[in-house]
Amino acid sequence: MGKFAKSVKVLLTKIKYIKNIKLIAGISVGVLVLAIAITILLAGMQSPPLTPAQQYIKLETNLLHSLINSVPDKSPDDALVTNIDILPADALLSLLGMEDMDWAQKFTVSMDAKLKDQLQETLWGFKLNDKLLLTANTIADPASGITYLLVPSISEHYLKIDDSIAIDTEGGAVAGSATAITDFLSTLNISETEVAKSLLNKYIDVFFAHMTEVDKQSEVIYIGDKTQTVDGYTNYITEKVFTNAFRAVLNEARSDVALKAVFPEDTDYVEMIDTMLSNLSKDPANDRNDAVVLKLYVDGDGHMVGRSLILPETEDSYMSVQCITVTDGDSTALKLRYEGIDMGYELMLDGNGNGTLSMVQPDQSVILANLAYTGTKENGTCQITLSDFIENTLLQSTELDPKLEIKWIGSDLSFHLYLSTERLVTVNTSTTSKEGPLEDITVPEASLDYSVQEEYEQYMQSIDWSVVRANLLDAGVPKNIIDFLLGKE
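Residues numbered from 1 in each chain as written. Predicted model: local features only at pLDDT ≥ 70, side-chain atom pairs only at ≥ 80, totals over all residues. Heavy atoms only, no water.

**Notes on the overall build of the protein**
Moving on, step 1. Scanning the protein from terminus to terminus reveals 12 helices and 22 strands.
Moving on, step 2. Looking at the 489 residues of the protein, the share that counts as buried comes to 31%.
Moving on, step 3. Restricting to contacts in the protein with at least 6 residues of sequence separation, those with at least 24 account for 46%.
Moving on, step 4. Working note: accessible area of the protein is about 30,800 Å², and carbon and sulfur atoms make up 58% of it. (Helix = DSSP H or I, 4+ residues; strand = E, 2+ residues; numbered from the N terminus. Buried < 20%, exposed > 50% of the residue type's maximum accessible area, 1.4 Å probe, protein only. Contact = heavy atoms within 4.5 Å. Areas by Shrake-Rupley, 256 points an atom, 1.4 Å probe, with all protein chains shown as cover.)

**Focus: the environment of Ser155**
Moving on, step 1. Of note, Ser155 is situated in the loop between strand S5 (146–150) and strand S6 (158–162).
Moving on, step 2. Residues Ser155 and Asp464, spaced 309 residues apart in sequence, show a C-alpha to C-alpha distance of 6.5 Å.

**Comments concerning the packing of aromatic side chains**
Moving on, step 1. Tallied over the full model, the rule gives 7 aromatic pairs.
Moving on, step 2. Centroid distance Phe207 to Phe208: 5.5 Å. Interplanar angle 80 degrees. Geometry classified as edge-to-face. Residue Phe207 shares its accessibility class with Phe208, and that shared class is buried.
Moving on, step 3. Taking 5.7 Å as the distance between ring centres and 15 degrees as the angle between the ring planes, the aromatic pair formed by Tyr373 and Trp408 counts as stacked. (Phe/Tyr/Trp six-rings, centres within 6.5 Å; stacked < 30°, edge-to-face > 60°.)

**Some points on the environment of Phe207**
Moving on, step 1. Relative to the assigned elements, Phe207 resides in helix H5 (residues 193–208).
Moving on, step 2. Phe207 sits in the buried class, given a relative accessible area of 17%.
Moving on, step 3. In this structure Phe207 touches Phe242, Ala245, Phe246 and Val249, once residues within four positions along its chain are discounted.

**Points about the pairing of strand S19 (residues 402–409)**
Moving on, step 1. Sheet topology note: the strand S18 (residues 379–386)/S19 ladder contains 7 bridges and is antiparallel. Counterpart to Asn379 in the pairing with S19 is Ile409. (Pairing = 2+ DSSP bridges.)

**Here we look at the pattern of salt bridges**
Moving on, step 1. Taken as a whole and judged by the stated rule, the model has 17 salt bridges.
Moving on, step 2. When the shortest N-O distance is used, the salt bridge between Arg288 and Asp215 registers 2.6 Å. A residue pair is termed long-range when its members are at least 10 positions apart, and Arg288 in the loop between helix H8 (269–279) and strand S11 (292–298) and Asp215 in strand S9 (residues 214–223) qualify at 73 residues.
Moving on, step 3. Look at Arg288 and you get partly exposed, because its relative accessible area is 30%. (Salt bridge = Lys/Arg side-chain N within 4 Å of Asp/Glu carboxyl O.)

**As for the packing of helix H11 (residues 466–474) against helix H12 (residues 479–486)**
Moving on, step 1. Packing of H11 against H12 leaves a shortest axis separation of 10 Å and a crossing angle of 150 degrees. When the axis of H11 is compared with that of H12, the two are roughly antiparallel. Between H11 and H12 lies a crossing of right-handed hand. Between H11 and H12, the contacting residues are Val468, Arg469, Leu472 and Leu473 on the first element and Lys479, Ile482, Asp483 and Leu486 on the second.
Moving on, step 2. A class-by-class count of the residues in the contact of H11 with H12 yields 5 nonpolar, no polar and 3 charged. (Axes fitted to C-alpha atoms, helices over the stretch in contact; angles between N-to-C directions. Parallel < 35°, antiparallel > 145°, perpendicular 65-115°, else oblique. Left-handed = near helix turned anticlockwise from the far one by under 90°. Nonpolar A, V, L, I, M, F, W, Y, C, P; charged D, E, K, R; others polar.)

**Re the packing of H5 against helix H6 (residues 239–254)**
Moving on, step 1. Contact geometry for H5 and H6: axes closest at 8 Å, N-to-C directions at 140 degrees. As the angle between them shows, H5 and H6 are arranged oblique. Remark: the crossing between H5 and H6 carries right-handed chirality. Contacts from Lys202, Tyr203, Val206 and Phe207 of H5 reach H6 at Phe242, Ala245, Phe246, Ala248, Val249, Glu252 and Ala253.

**What about the confidence of the model for the protein?**
Moving on, step 1. With 82% of its residues at a pLDDT of 70 or more, the protein has an overall mean of 82.
Moving on, step 2. Scored below 50 in pLDDT, residues 166–182 makes 14 contacts in the model with residues more than four places away or belonging to other chains. (pLDDT = per-residue confidence, 0-100.)

**Notes on the side chain of Ser387**
Moving on, step 1. Summarising the element assignment, Ser387 is placed in the loop between S18 and helix H9 (388–395).
Moving on, step 2. Ser387 sits in the buried class, given a relative accessible area of 7%.
Moving on, step 3. There is a polar contact of 2.6 Å between the side chain of Ser387 and the backbone oxygen of Ile367.
Moving on, step 4. Discounting chain neighbours no more than four positions away, the residues touching Ser387 are Ile367, Leu368 and Ala369. (Polar contact = N/O pair within 3.5 Å; in protein donor to acceptor, adjacent residues only side chain to side chain.)

**Examining the pairing of strand S2 (residues 107–116)**
Moving on, step 1. Alignment of strand S1 (residues 78–88) against S2, held across 9 bridges, turns out to be antiparallel. When the sheet's bridge partners are listed, Asp78 is paired in S2 with Leu115.
Moving on, step 2. Note that S2 and strand S3 (residues 119–128) share 10 bridges and pair antiparallel. Paired with Thr108 across the bridge in S3 is Lys127.
Moving on, step 3. Between S2 and S3, which pair antiparallel and follow one another directly, the connecting turn spans 2 residues, one of which, Asp117, has a positive phi of 50 degrees.

**Topic: unusual backbone geometry**
Moving on, step 1. Positioned with a positive phi, Asp130 is a non-glycine residue whose angle comes to about 65 degrees.
Moving on, step 2. Structurally, Asp130 is set in the loop between S3 and strand S4 (131–141).
Moving on, step 3. Residues other than glycine seldom take positive phi values, yet Ser420 does so here, at roughly 55 degrees.

**Considering the nonpolar core**
Moving on, step 1. Counting residues in hydrophobic clusters, the biggest one holds 30 residues, and the most contacted among them are Tyr56, Tyr203, Phe208, Met211 and Leu259.
Moving on, step 2. Counting residues per element, the ones that place at least two in this core are helix H2 (52–69), H5, strand S10 (226–237), H6, H8 and S11.
Moving on, step 3. Discounting residues that sit within four places of it in the chain, Met211 has contacts with Ala53, Tyr56, Ile57, Asn235, Ile237, Val241 and Ala245.
Moving on, step 4. Core analysis: the second largest hydrophobic core is formed by 16 residues, Leu133, Ala136, Ile154 and Tyr459 among them. (Core = buried A, V, L, I, M, F, W, Y, C linked by side-chain atoms within 4.5 Å.)

**A look at a nonpolar patch on the surface**
Moving on, step 1. A cluster of nonpolar side chains, namely Val321, Tyr338, Met343, Tyr345 and Leu357, defines an oily patch on the protein surface of about 400 Å² accessible area.
Moving on, step 2. Mapped onto the fold, Val321 is located in strand S13 (residues 319–328). (Patch = residues over 30% accessible without salt bridge, like charges linked within 9 Å, V, L, I, M, F, W, Y side chains within 5 Å.)

**Here's the deal with H8**
Moving on, step 1. For H8, the set of buried residues is Tyr269, Ile273 and Leu277. Take H8 and look down its axis: the buried residues cluster within an arc of 70 degrees, on one side only.
Moving on, step 2. Buried-residue contacts for H8 involve H6 and helix H7 (257–260). (Arc of directions from axis to C-beta.)

**Here we look at the environment of Leu486**
Moving on, step 1. The residue Leu486 is located in helix H12 in this model.
Moving on, step 2. Between the alpha carbons of Leu486 and Ser466 there is a distance of 9.6 Å; along the sequence they are 20 residues apart.

Next up, the structure:
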């Protein structure tokens with residue numbers, strides 16, 4: 001190849017190399033431009049900062065979900081034995097004018113309880129001066145609201161008691177432990193705790209999604225001399241907010257198959273929902289001065305350190321409840337405060353368990369009792385002494401110096417009540433867990449129904465107090481006292 005040809009070849013090679021550089025440079029610039037464009041696009045697509053209402057909803061629903069989800073799907077089988085001893089001192093009997101009851105030295109109640117397969121059985125024992133008076137056995141079925149009672153010392157029959165029965169008293173008909181709401185809830189078909197938790201979580205989200213009247217501001221909360229700066233979220237549930245939230249719940253519930261399955265089969269479910277929807281106000285007010293107020297206090301780490309509830313004030317009613325904590329290093333102080341229309345109460349505890357219980361009035365705050373704590377969580381003492389205000393106004397004496405002392409070692413507790421240095425009464429409690437497999441709990445096949453007059457009368461006629469009478473005599477109770485309590489033989 002001639003010199004000219006070689007020169008041309010070298011030139012062409014250099015031109016090709018330059019073209020490759022330009023191509024690479026062009027690609028690099030293009031990639032850079034594309035990366036910048038994508039970054040700008042992603043930045044534009046990022047969610048805007050949450051509003052105070054959205055922040056509050058997230059905090060509140062997360063807290064409620066955590067609370068609901070902490071409930072076990074099934075109550076674990078468990079067994080506990082508890083003993084309670086009551087030891088009145090002679091000073092108490094003298095104070096009550098009951099010196100002739102010096103035979104009453106010690107009362108004991110024992111409870112041997114177990115929970116298995118959602119049934120609870122408790123074996124009761126009642127003693128006087130360490131002498132057995134009588135025993136009892138209760139079997140409770142929370143699902144049906146039925147309790148079976150057997151007192152073998154007086155009758156061989158089980159008495160069946162429905163929690164929803166009404167008891168006639170001189171004051172009229174007084175409902176049993178179940179209210180009208182409980183009666184309604186007992187008709188619902190919620191046999192699975194998991195179903196109930198799922199429905200509660202769902203409708204909490206639906207309801208709180210409509211909390212729109214929320215303010216957020218930095219606040220300083222205090223307990224004694226401890227302070228902490230927090231974010232305060234104030235949720236005003238006005239009539240309009242509540243109406244919109246409840247309407248959303250009803251609209252969602254109208255087609256909710258899982259919720260419909262909870263109600264009895266004969267319930268006209270859709271008609272019930274539509275009736276509630278039609279009863280909602282068409283033009284609800286949005287007055288914050290007439291709102292239910294929920295407030296959360298959140299620290300810089302996003303942890304809730306307090307909350308409060310305020311009901312709207314009327315001419316004759318007002319209520320405010322507040323619970324806050326302030327942490328200083330390893331010490332956490334607590335304040336519980338309740339306010340009514342005329343007065344309220346406040347409990348303040350410093351990080352060491354010492355504190356005061358006060359009565360709060362619009363123009364003043366008066367200490368009712370002082371609390372002093374020593375020891376540890378496993379072994380300690382709490383002493384509660386009444387203030388001079390209580391002694392002067394209620395007891396009308398500053399010399400009595402009433403004092404309650406609470407001591408604990410593990411799960412064992414003892415309560416000691418004193419006047420000055422003289423003991424009035426001691427109450428000792430102990431609780432232990434039972435180890436090993438639990439025997440099955442069997443609901444009695446035969447029982448007499450308290451709510452059926454004929455069966456109740458049959459039970460009353462079967463009662464025989466002779467065993468209890470003999471046990472009382474053996475415990476040292478005078479015969480005239482027994483006759484007064486049980487009637488003459």
